[in-house]
Amino acid sequence: MKKYSVFAIAREAMRGHKGWEEQWTSPEPKKEYDVIIVGAGGHGLATAYYLASEHGITNVAVLEKGWLGGGNTGRNTTIIRSNYLYDESAGIYDHALKLWDGLSQELNYNVMYSPRGVMMLAHNVHDVQVFKRHIHANRLNGIDNEWLTPEQAKEFCPPLNIAKEARYPVMGAALQRRGGTARHDAVAWGYARGASARGVHIIQNCEVTGVKRAANGAVTGVETTRGFIGAKKVGVVAAGHSSVIMDMAGVRMPLESYPLQALVSEPVKPVVPCVIMSNTVHAYISQSDKGELVIGAGTDQYISYSQTGGLHILQHTLDAICEMFPIFTRMKMLRSWGGIVDVTPDRSPILAKTPVKGLYVNCGWGTGGFKATPGSGNVFAHTIAKDDPHPINAPFTLERFRTGRLIDEAAAAAVAH
Amino acid sequence: MLLIRCPYCEEERPELEFRNAGEAHIARPTNIAAESEDDFEKFFFIRSNPKGVIYERWRHIHGCARFFNAVRDTVTDKFVMTYKAGEPKPAKLPGASK
């Protein structure tokens, strides 16, 4: 792998940019690997990268049914934050946030992590109480989160409407300054390049159609559209399709898959300096470096794999955006799309060993997985390499739905679900 | 937005009138306190999440307000059929190839 640097840019500028190499190779699949990762999204590629870079396991294949980063990694609204209520969540999301901080340098790839601040608006007394509780819980866990008055919120984000007669009055806000955004595609590409350089095979257009198990129940490999590929360890990181893959191995999951939508506006000059979230009216908005307003909507109410979602869901979100930011009422929207998110009953992810020997699962990130990408891959790689969870992901078991030890971020409502 | 046929009102109405109520044909245990942890997990948390035909409950909340069941394809979102609550799971689906 040739290192990217200012000197590389200068050198290539001199010779007509003919010397750039492919960022990752596309080898033919081998008959057998030490580890197979199902799903080449951010979480899967990060897992492969850390297996190679931290655990020395390089005989790894990442199988992707479509193209790399073409699922939820390329469809989300790129929000990064770690201000979750419970200790377990704070542990894993802040582990990720700390990795975001040095990720561009580590990968030698600009993931454009921009800690511009994530501001969550409180619109009623209940919101105020809940957010203040979060702020205190976060501070006990060493996570920055602070309370802003409506005036301070307006100062931090000038286009915000804080008028008392607004339909959704702003009664204050919780601000995590370390939160922000990153370039989602670059995260997938950077991890893919780093993993490929260390010998990991990234195999696109290779859909897993079955999971093979030996007589003793252990995993022996996967059937794919490109033939059987053997491995004693298989990590399923397939987002909305995780339960489909797990069904192939005979493991029924506590997951439901819903379409979640997002949309972008026409590009305009810088106007939104941070990320603004409103759980109560269910809207979130930020501005990309290209100038588009990036807006996240809610999920549909029914299970679907259609990657579209209903129009009324978008309208509901845009209604709220126009109320909170009257200056955007005449903005044109350019594109909308949907991604399929796998939601657990307690709205916390599952990163764990499974009842099947050699089968590991990293799923259930629901509507907010992007922010966790580096941390999730990091501890999941540890789980696969050591056949034992990292202390950070140890609470995120599959068994918690039997034992009742839930991590109930659903009830905590830290996030826009 | 989906158009959904309510089997009680006997007409297709927009999705906004309905509330999805999760997987159908899950029987609540008669003596829930006596359930083992494994059985309670299956009843309470484990769900079919098929890429294909799903059996699910809907409620016509802004109409007749009654629960009914539906068969739908989760890839196309097309409804195969709807039927009243309490009716058995259809053995054969109209127009189904398999």
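Position labels on residues start from 1 in each chain and follow its written sequence. A letter from A marks each chain and a number from 1 marks each ligand, given out in the order of writing. Residues qualify for local features only when their pLDDT is at least 70, as the model is predicted, and side-chain atom pairs are given and counted only at 80 or more; totals for whole chains, interfaces and linings, by contrast, use all residues.

In the annotation of an unreviewed UniProt entry, the entry for chain B reads Sarcosine oxidase subunit delta, and the organism field reads Mesorhizobium dulcispinae.

Under an unreviewed UniProt entry, the name given to chain A is Sarcosine oxidase subunit beta, and the source organism is Mesorhizobium dulcispinae. UniProt positions are given in the numbering used here, feature names are shortened, and annotations may be inferred rather than shown by experiment. What UniProt records for chain A under Sequence similarities (unreviewed entry) is the sentence "Belongs to the SoxB family." What the UniProt record of chain A gives under Subcellular location (unreviewed entry) is the line "Cytoplasm".

Before going further, it helps to spend a moment on the environment of methionine 333 of chain A. With respect to the secondary-structure elements, methionine 333 of chain A resides in strand β16 (residues 333–343). For the pair methionine 333 of chain A and leucine 68 of chain A, spaced 265 residues apart in the sequence, the C-alpha separation amounts to 26 Å. Helix and strand labels come from DSSP, where a helix needs a run of H or I of at least four residues and a strand needs a run of E of at least two; each type is numbered from the N terminus.

Looking now at the UniProt feature "domain: Rhodanese" (unreviewed entry) in chain A. With numbering aligned to this structure, UniProt lists the feature "domain: Rhodanese" (unreviewed entry) at residues 35–79 of chain A. Across residues 35–79 of chain A, helical content stands at 31% and strand content at 20%; the span's end C-alpha atoms are separated by 30 Å.

Let us now look at the sheet that holds β16 of chain A. Two pairing modes exist for strands in a sheet, parallel and antiparallel, and in both the strands are linked by backbone hydrogen bonds. Residues and elements named next belong to chain A. In short, DSSP must find at least two bridges between two strands for them to pair. Within the open sheet, the eight strands sit side by side as β5-β6-β4-β13-β14-β15-β12-β16. Their pairing is mixed. On the outer flanks of this sheet lie β5 (146–148) and β16, each paired with one strand and no other. Going across the sheet, the axis of each strand differs from the next one's by a mean of 20°, ignoring polarity. In terms of strand pairing, strand β13 (residues 275–278) meets strand β14 (residues 283–287) through three bridges, oriented antiparallel. If you follow methionine 277 over to β14, its bridge partner there is tyrosine 284. A fitted line through C-alpha atoms serves as each axis, taken over the contacting stretch for helices, and the angle formed by two N-to-C directions is quoted from 0 to 180°.

A few words now on helix α9 (residues 373–386) of chain A. Residue and element names in this part refer to chain A. Expected span, for any helix, means 1.5 Å times one less than how many residues it has. Look at α9: 20 Å from first C-alpha to last across 14 residues, which is about the 20 Å you get at 1.5 Å a residue. The buried fraction of α9 amounts to twelve of the 14 residues, a majority that puts the element mostly inside the structure. Residues are called buried when their C-beta atom has 20 or more other C-beta atoms within 10 Å, exposed when it has 12 or fewer, and partly exposed otherwise; all C-beta atoms are positioned from the backbone. Along α9, the residues that are buried comprise Thr373, Pro374, Gly375, Ser376, Gly377, Asn378, Val379, Phe380, Ala381, His382, Thr383 and Ile384. The first or second residue beyond α9 is aspartate 387, which carries a positive phi of 55°.

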